[in-house]
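Coordinate inspection notes
Okay, here's what each chain looks like letter by letter:
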Amino acid sequence: MKAHRLLLLLIFCSLLSFSSFAQVKPKLQYTVGLGSSIDGMNDLYGLNFTNELNVRLGKRTSFNAGVSFYQSLGSYEDRTLPPFSEGKNKEQSSGIFITPSFKYDIIQRPSGFNLAFSAGPSLQLGGETFIRSDPFSESTSTTYITTKYQRVGLFMELEAEWSSKNPNRKNAVSLSAFGANNAMPWYLNATYKMRFKVGKK
């Protein structure tokens, strides 16, 4: 009987400590991030900037409302440039991405370390300019082609989050991908984030 009472007491204490730890997570969080990106379809590299509002739904689940911006900076492949390029590669891609997603914490640690996966639809407003062979030229030549996008794709992200010395802020790094038109990943992003508590817990 004493052993049963001791076991019940230990279970109660562990549940109580787990409950208090779960309550530490704020209901609302705001996240800002900056990182590098790759446009895998056009062999371009660039920067991404992200803003997120995170709403906690449960102990492991949350909803993210995100707006991010991507702009290419250059190409990591040598190209045969069109004659009017003046020696400068004018390829580029960019976009604003509006992304609602659901997030699930795969790993949670009392230290504040979390590993989470999120996914959802993403609306891209942007476009690209890329080099292709000129079909109207009799000789081997290239030309620039510009495409504008207003399309919905798939967003997926794996994120590691940990506590900082500031109790109102957390740090995170993420690897995310955007895919559309049967291509995944179209864009690949590595982002460093800072996450802040908003309002009451």
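Scroll up to find the structure this text is about.
Here we summarise the structure given alongside this text.

Quick notes on the rules
- Residues numbered from 1 in each chain as written.
- Predicted model: local features only at pLDDT ≥ 70, side-chain atom pairs only at ≥ 80, totals over all residues.
- Heavy atoms only, no water.
- Helix = DSSP H or I, 4+ residues; strand = E, 2+ residues; numbered from the N terminus.
- Contact = heavy atoms within 4.5 Å.
- Areas by Shrake-Rupley, 256 points an atom, 1.4 Å probe, with all protein chains shown as cover.
- Buried < 20%, exposed > 50% of the residue type's maximum accessible area, 1.4 Å probe, protein only.
- Lys, Arg positive; Asp, Glu negative; His and termini not counted.
- Salt bridge = Lys/Arg side-chain N within 4 Å of Asp/Glu carboxyl O.
- Polar contact = N/O pair within 3.5 Å; in protein donor to acceptor, adjacent residues only side chain to side chain.
- Core = buried A, V, L, I, M, F, W, Y, C linked by side-chain atoms within 4.5 Å.
- Pairing = 2+ DSSP bridges.
- Phe/Tyr/Trp six-rings, centres within 6.5 Å; stacked < 30°, edge-to-face > 60°.
- Lys NZ or Arg CZ within 6 Å of the ring centre and 35° of its normal.
- 1 Å grid on protein atoms, 1.4 Å probe; cavity = no way out; pocket = protein on both sides within 12 Å on 5 of 7 lines; lining within 4 Å.
- Points joined across faces, edges and corners; volume = space filled by probe spheres on them.
- Nonpolar A, V, L, I, M, F, W, Y, C, P; charged D, E, K, R; others polar.

Observations concerning the overall build of the protein
A tally of helices and strands in the protein yields 1 helix and 8 strands. Reading the helices (α) and strands (β) of the protein from amino to carboxyl end gives α-β-β-β-β-β-β-β-β. The long-range share in the protein, meaning contacts at least 24 apart out of those at least 6 apart in sequence, stands at 60%. Carbon and sulfur atoms make up 64% of the accessible area of the protein, which totals about 12100 Å².

Description of the side chain of Asp 39
Along the chain, Asp 39 falls in strand E1 (residues 28-39). The buried charged residue Asp 39 lacks any salt bridge partner; its closest oppositely charged side chain belongs to Arg 151, at an N-O distance of 7.2 Å. At 2.9 Å, the side chain of Asp 39 and the side chain of Ser 93 are in polar contact. Filtering out sequence-adjacent residues up to four positions away, Asp 39 remains in contact with Leu 44, Tyr 70, Tyr 76, Ser 93, Glu 128, Trp 186 and Tyr 187.

Considerations on the nonpolar core
With 9 residues, the main nonpolar core is built from Leu 44, Tyr 70, Phe 97, Tyr 149, Phe 178, Ala 180, Ala 183, Trp 186 and Tyr 187. Residue assignment for this core shows that the elements contributing at least two residues are strand E7 (169-180) and strand E8 (183-198).

Brief notes about the pairing of strand E2 (residues 44-56)
Look at any regular strand and the pattern is simple: side chains alternate between the two faces of the sheet. What you see with E2 is a clean split: Leu 44, Gly 46, Asn 48, Thr 50, Glu 52, Asn 54 and Arg 56 sit on the buried side and Tyr 45, Leu 47, Phe 49, Asn 51, Leu 53 and Val 55 on the side with no burial. Where E1 meets E2, 12 bridges bridge the pair, whose relative direction is antiparallel. Counted as the bridge partner of Val 32 is Asn 51 from E2. Between E2 and strand E3 (residues 61-75), which pair antiparallel and follow one another directly, the connecting turn spans 4 residues.

Observations regarding the packing of aromatic side chains
Tallying each qualifying case throughout the model produces 7 aromatic pairs. Put simply, the rings of Tyr 70, Phe 97, Tyr 149, Phe 178, Trp 186 and Tyr 187 touch in pairs and so form one group of aromatic residues. Directly above the ring of Tyr 149 sits Arg 151, whose terminal nitrogen or CZ lies 3.7 Å from the centroid.

Observations concerning empty space enclosed by the protein
Within this structure, the stated rule accounts for 2 cavities of 30 Å³ or more. Its volume calculated, the largest cavity comes out at about 280 Å³. Around the largest cavity, the lining comprises 24 residues; the ones closest to its centre are Thr 50, Ser 68, Phe 155, Ser 176 and Asn 189. Elements with a minimum of two residues in the lining of the largest cavity: E2, E3, strand E4 (92-108), strand E6 (142-163), E7 and E8. Counting residues per element, the lining of the largest cavity draws most heavily on E3, which supplies 7 residues. Looking at the lining of the largest cavity, its residues break down into 8 nonpolar, 13 polar and 3 charged.

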